[in-house]
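Summary of structural features
The chain contents come next:
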Amino acid sequence: MSTDYYYSAEPPHSDLLKVQGDRPFNAEAPVASLVEFNITPEDLVYCRNHGPVREFDEETYIITIKGGVDKELKYTIPKLKALFPTVQVVAALQVDPGSYKCAGNRRNEMGAIKPVSGVGWDSGVIANCKWGGVRVRDILAQAGVQPGNAHVCFASYATSCQDDEYYGSSIAIERAMDLDSDVLLAFEMNDEPLTADHGGPIRLVVPGYLGARWVKWLDTIIVSPSESPNFYQQRDYKILPPTVTSKDEAKPLWPKYPCMTSLPLNSVIGSITFTSPTSLYIKGYAVSSPTANIAGVEVTTDGGKTWHNARTTYQEGKWSWTIWEAELEGAAESGIVQCRARDTKDTVQPKEGTWNLRGVAFDAWGVGKW
């Protein structure tokens, strides 16, 4: 079957999302809608793809574990469920850490500084979900990891891909084997079977890591001494110096810079509402850095001269996002409000972000206008 056929046969997508690309389908939720929910409903979970979305039968789908292991294993999803305990973790996913987060979240803001390369994303490329699945460490223990292997590579050959023969990523084997890191092969999202739009029937979940490492439609796991050679591990999702301004300039530099794993401390304003002629109600989200949780969020209407503490209304475990709200009195008819997050190690979100060619990891103060 041709790629055009698979695009034409995609399952229906949520009509609540703002489409940023059609083929492949890339779409995000309005951030004002996102911050109304602690756990993101499926129809507000963003879609990030590098090829067609395909549906597969859970009963017959095969996951292979091979490479530097004592025995190669093959599992169907029913067999995984029968052999290993199912665990759940709440995590945030961000496009391109468990929130599901995309590295390109807020890319359009960075692009306003200077043009960047990539899908134009606003601030809705994040989802905080409950993921259910089996621990990768349990599967690797069953296979038997041989000495001298430092990485676990994950791949999907199940659907075609823009820039390589398959989509792949890898993480350090220490991360995969660490019980507290909660790395899963997930077949559930929010207590329901994982749908095709979000990587079903099975995907990788790496809480604390950006979504580019959370391989969808996962079918192959390779224990290896080296990182994945895949395009998306080696020549994308890296932060290049701001002096690199073109793809040609970037080519010799990709091997010299590490792949991104986590994203920086960040906060975003989701909605601003007048509750009286001079009173504002502001709501938003914050996400932590890899080393500390969110301690609080502050807002300002005078460019940072005066800061007001926001209230945290939701935070669940070490991998979730934080939902916050603030009420301000004495507001003018119009104005600008900004927010900044602070973590438990007293790191504060910077006023300005650093431009890079791929438009990733933008972390300047969140901005909203009324």
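Before any of the text, the structure's been laid out above.
Let me sum up the structure you'll find in this document. Keep in mind the model is a prediction, meaning the values are calculated, not measured.

The rules behind these values
Numbering of residues begins from 1 in every chain and follows the order in which that chain's sequence is written. Local features in a predicted model are, by the rule used here, given only for residues with pLDDT of at least 70; side-chain atom pairs are given and counted only at 80 or more, and totals for whole chains, interfaces and linings are based on all residues. The side-chain quantities take in all heavy atoms of the structure and omit both hydrogens and water. Comment: elements are numbered from the N terminus, with helices defined as DSSP H or I runs of at least four residues and strands as E runs of at least two. The globule rule is 2.2 Å times the number of residues to the power 0.38, and the radius of gyration it is compared with is taken over C-alpha atoms. For each residue, the accessible area found with a 1.4 Å probe, counting protein chains only, is set against the maximum for its type, and the residue is called buried under 20%, exposed over 50%, and partly exposed in between. Any Phe, Tyr or Trp ring, taking Trp's six-membered ring, that has another such ring centre within 6.5 Å forms a pair; planes under 30 degrees apart are called stacked, those over 60 apart edge-to-face, and the others tilted. We call a charge positioned above a ring when the Lys NZ or Arg CZ atom is no farther than 6 Å from the ring centre and deviates by at most 35 degrees from the ring normal. Paired strands are those between which DSSP finds at least two bridges. Should any heavy atoms of two residues lie within 4.5 Å, those residues are considered in contact. Definition used for salt bridges: Asp or Glu carboxyl oxygen within 4 Å of a side-chain nitrogen of Lys or Arg.

1. As for the overall build of the protein
A tally of helices and strands in the protein yields eight helices and 21 strands. Against the globule reference of 21 Å for 370 residues, the protein gives a C-alpha radius of gyration of 21 Å, in line with a compact fold. Structurally, the protein occupies a C-alpha span of about 65 × 45 × 45 Å along its principal axes. Within the span of the protein, comprising 370 residues, buried residues form 56% of the whole.

2. Concerning the packing of aromatic side chains
Going through the model one piece at a time under the given rule, you end up with nine aromatic pairs. Where Trp131 meets Trp214, the ring centres are 5.5 Å apart and the plane angle is 75°; that geometry is what we call edge-to-face. Taken together, the positions of Trp131 in strand E7 (residues 126–135) and Trp214 in the loop between strand E12 (203–205) and strand E13 (220–224) put the pair 83 residues apart, joining distant regions of the chain. Taken as a pair, Trp131 and Trp214 share a single burial class, namely buried. In this structure an aromatic cluster arises from ring pairing among Tyr167, Phe231 and Tyr232. A cation over an aromatic ring shows up here: Arg54 above the ring of Tyr6, its NZ or CZ 4.0 Å from the ring centre.

3. Examining the sheet that holds strand E16 (residues 294–300)
Strand order in the open sheet formed by four strands is E17-E16-E20-E21, and the pairing between neighbours is antiparallel. Bordering the open sheet on either side are strand E17 (308–309) and strand E21 (366–369), each of which pairs with just one other strand. In this structure, strand E20 (residues 336–343) lies alongside E21, joined through four bridges in antiparallel fashion. From the neighbouring strand, Gln338 faces E21, where its bridge partner is Val367.

4. Considering the environment of Ser160
Within the secondary structure layout, Ser160 lies in the loop between strand E8 (151–156) and strand E9 (167–172). With sequence-adjacent residues up to four places away left out, Ser160 is seen in contact with Thr3, His50, Gly51 and Pro52.

5. Overview of unusual backbone geometry
Omega for the bond connecting Arg23 with Pro24 falls within 30 degrees of zero, at 5°, which places this linkage in the cis form. Tracing the sequence through the fold places Pro24 in the loop between strand E1 (18–21) and strand E2 (26–28). Backbone torsion omega between Gly200 and Pro201 reads 20°, so that peptide bond is classified as cis. Residue position: Pro201 is located in the loop between strand E11 (192–193) and E12. Even without being glycine, Tyr237 reaches a positive phi, approximately 50°. When its relative accessible area of 0% is taken as the criterion, Tyr237 is described as buried. Of note, Ala361 is a non-glycine position whose phi angle comes to about 60°, a positive value. Examined against the element boundaries, Ala361 turns out to sit in the loop between E20 and E21.

6. Points about the pattern of salt bridges
Enumeration over the complete set of coordinates arrives at twelve salt bridges. Here Arg23 makes a salt bridge to Asp4, at a shortest N to O gap of 3.5 Å. Residue Arg23 is located in the loop between E1 and E2, and its partner Asp4 is located in helix H1 (residues 3–8); the two are separated by 19 residues in the primary sequence. With a closest N to O distance of 4.0 Å, Glu72 and Lys74 form a salt bridge. One connected set of salt bridges, linked through shared partners, spans Arg311, Glu325 and Glu327.

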